[in-house]
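The chain contents come next:
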Amino acid sequence: MRLLHTSDWHLGRSLHREDLLPAQRAFLDHLVDTVRVERVDAVLVAGDVYDRAIPGLGAVELFDRILHRLAELGVPVVLIAGNHDSARRLGIAARLIERAGVHLRTEVARCAEPVLLADEHGPVAVYGVPYLEPVLAGGELGAAAVSHAAVLGAAMERVRADLATRPEGTRSVVLAHAFVVGGEVSDSERDIAVGGVPSVPAAVFDGVDYAALGHLHGSQIVHERLRYSGSPLAYSFSEANHRKSMWLVDLGPAGELTTRRIDCPVPRRLARIRGTLESLLRDPALEQHETAWVQATLTDNRRPERAMEQLRVRFPHTLQLAFEPEGGSGDGLPSYAARTRGRGDAEIALGFVRHVRGSDPDRAEQELLREAVEAAGVGASAEAGVAGGVG
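Worth saying up front: this structure is predicted, and the values here are computed from it rather than measured.

Focus: the overall build of the protein
Now for step 1: Helix and strand content of the protein: eleven helices and 19 strands.
Now for step 2: Per-residue burial for the protein yields a buried fraction of 49% across its 391 residues.
Now for step 3: The contacts in the protein between residues at least 6 apart in sequence include a share of 67% that link residues at least 24 apart.
Now for step 4: Summed over all atoms, the accessible surface of the protein reaches about 19200 Å², with 52% contributed by carbon and sulfur.

Details of the side chain of Asp119
Now for step 1: With respect to the helices and strands, the residue Asp119 is situated in strand β7 (residues 115–119).
Now for step 2: Residue contacts for Asp119: discarding those within four places in its chain leaves Met1 and Arg171.

What about the nonpolar core?
Now for step 1: In terms of nonpolar packing, the biggest core is built from 32 residues, with Trp9, Leu11, Leu31, Val49, Phe63, Ile66 and Leu79 touching the most fellow members.
Now for step 2: When residues of this core are traced back to their parent elements, those giving at least two are α1 (21–37), β4 (42–45), α2 (57–73), β5 (77–80), β6 (102–105) and β15 (245–251).
Now for step 3: Not counting the four nearest positions on each side in its chain, Phe63 is found in contact with Trp9, Leu11, Val49, Tyr50, Leu79 and Leu90.
Now for step 4: Core analysis: the second largest hydrophobic core is formed by 29 residues, Met156, Ala176, Val200 and Ala211 among them.

Re the sheet that holds β5
Now for step 1: The sheet built from six strands is open, its strands ordered β6-β5-β4-β1-β15-β16 with mixed pairing. Among the strands making up the open sheet, the edge pair consists of β6 and β16 (257–263). When strand polarity is set aside, the average angle formed by the axes of neighbouring strands in this sheet is 20 degrees.
Now for step 2: Direction of pairing for β15 relative to β16: antiparallel, over a ladder of seven bridges.

Digging into α1
Now for step 1: Taking 1.5 Å per residue, 17 residues should reach 24 Å; α1 reaches 24 Å between its end C-alpha atoms and fits that length.
Now for step 2: Here α1 has its buried residues at Leu21, Ala23, Gln24, Phe27, Leu28, Leu31, Val32, Thr34 and Val35.
Now for step 3: Looking at the buried residues of α1, the elements they touch are β1 (2–6), β3 (18–19), β4, α2, β15 and β16.
Now for step 4: In the segment just after α1, Arg39 is the residue with positive phi, at about 55 degrees.

Focus: the side chain of His84
Now for step 1: Here His84 is to be found in the loop between β5 and α3 (87–90).
Now for step 2: Residue His84 is classed as buried on the basis of its relative accessible area, which comes to 5%.
Now for step 3: Here the side chain of His84 touches Asp51 through a polar contact of 2.7 Å, landing on its backbone oxygen.

What counts, and where the lines are drawn
In every chain, residue numbers begin from 1 and rise along the written sequence. Reporting in this predicted model follows two pLDDT cut-offs: at least 70 for local features of residues, and 80 or more for side-chain atom pairs to be given and counted; totals over whole chains, interfaces and linings ignore these cut-offs and use all residues. As a rule here, side-chain values come from all non-hydrogen atoms in the structure, and water together with hydrogens is ignored. A run of DSSP states H or I qualifies as a helix once it reaches four residues; a run of E qualifies as a strand once it reaches two. Both are numbered from the N-terminal end. Note on classification: 1.4 Å probe, protein chains only; a residue is buried when its accessible area is under 20% of the maximum for its type, exposed when over 50%, partly exposed between these limits. Note on definitions: a residue-residue contact is assigned when non-hydrogen atoms from the two residues lie within 4.5 Å. To be clear on the numbers: accessible area is Shrake-Rupley with a 1.4 Å probe, and residue cover counts the displayed protein chains and nothing else. What is meant by a nonpolar core is a set of buried Ala, Val, Leu, Ile, Met, Phe, Trp, Tyr and Cys residues, joined one to another through side-chain atoms within 4.5 Å. Any two strands between which DSSP finds at least two bridges are classified as paired. Axes, fitted as lines to C-alpha atoms, cover a helix only where it is in contact. Angles between the N-to-C directions of the axes lie from 0 to 180 degrees. By this rule the span expected of a helix is its residue count minus one, scaled by 1.5 Å. Definition of a polar contact: a pair of N or O atoms within 3.5 Å, with one able to donate and the other able to accept a hydrogen when the atoms are protein atoms, and with sequence-neighbouring residues admitted only if both atoms are side-chain atoms.

That's the geometry; what it means functionally is another story.
See below:
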C-alpha cells in the first residue's frame with residue numbers, strides 16, 4: 001500500500017507579514033499531482049492543518065478545495081488535529097464527510113477507532129491520534145500521570161488493544177502530533193510544554209508498522225518506522241536550510257517499508273546574512289541572495305540610518321532586520337527591572353537610546369533628552385496638583 005505522509009500545513013500562516021496563501025495553494029496543487037502521478041492509495045495529514053484555532057476565510061477555502069480534489073480522485077484521506085488546530089472546529093461534520101473518504105480524527109474517544117483500508121495483501125488499520133493536551137485528555141484516557149508521555153502512552157495502549165482484535169496479519173499505521181525524543185526543533189513550532197515535559201519516548205509507538213508524525217517542521221527520521229514529514233513551507237528563518245518534502249511510504253505485505261522523499265515547491269529561498277551595512281551592500285558573494293527572502297543582522301557599532309531602506313535596494317525581499325553590534329552592548333543584568341533600578345528618568349531614556357542604537361547618544365542629543373524628561377516631569381507634577389485641588 002502506498003501512503004503519502006504530510007503534516008503541518010499551517011494554512012493561513014504568513015512569514016513576517018508576507019502572505020503565504022499563494023505558496024500554500026501551489027503546495028496543495030503539487031500534493032494532488034503527486035497523488036495522481038505516484039498512484040497513492042491514501043494521504044496522511046499528521047496535524048496542524050491550520051495555523052490558528054479560528055482560521056481566516058482564505059485558509060478555510062484552501063482546505064475545502066484540497067478535500068474536494070482528493071475526494072474526486074477517490075483517494076482516502078486521514079487527518080488529525082494538531083496543537084494549532086481547534087479540534088472541535090476541525091472535526092465539525094467529521095462523520096458526514098467520512099462518506100467522501102475524508103477521515104478526520106479530532107476526538108480523543110476515537111483514537112483507537114481505525115480507518116480500515118485494504119490492498120491485495122490484506123487489511124491496513126490506520127489510527128489517528130490527535131494532539132493530546134495532558135490536562136484535558138488525561139482523565140478521559142485514564143493516564144497514570146498528567147504528562148505528554150503518559151497521555152500518549154495511554155492512547156497507544158488503546159490502539160494496540162484494538163489492533164490485537166484485528167485479523168492476523170493486519171498492518172498498522174498511526175498518525176500522531178507530538179514531540180518525540182530525538183527530533184530536532186525549529187523556531188516556528190509552538191511550544192507544547194504545557195502539562196510538563198513536552199517530549200515523549202519513541203518506544204511509545206512500539207508495535208506499529210509506521211508512525212506518521214507531525215509537529216516538528218523539519219523532515220526527519222527518528223527511527224526507521226517513526227518519521228516527521230515536516231512542514232511543506234519554511235515558516236521561520238531557522239528553516240532556511242531545510243529541504244521541504246513529503247514521505248512516500250510503501251507498506252509491504254508483512255509491514256516492511258520502502259520510503260522516498262517527495263520535494264515540495266519552493267516559492268522563494270530564505271537567506272540569513274550578517275555583517276556591517278556597507279559589507280552587505282557591496283559583497284559580491286551575496287548576489288545569490290538578491291531574490292531571496294532575507295533576514296539581515298547588522299553588526300555596525302552604531303545603528304545606520306534608513307538601514308532597511310538601503311538593504312531593500314539590493315535585497316528587495318528583506319523581511320527581518322536585527323541589530324547586533326560586534327562585542328555587544330549589554331550590561332549583563334538579567335531583567336529590565338534590574339537594569340533600571342536606582343536610575344533616574346533621564347538615565348533610563350539615555351539607556352534606551354544606547355540599547356537601540358548600540359552606541360551612546362551624542363552630547364546634543366543627551367541635552368535634548370534631559371530637557372524633554374524634565375519638561376515631562378514638570379507637566380506631570382502640575383497635572384497632579386490640579387487633580388488634587390492644590391494651587
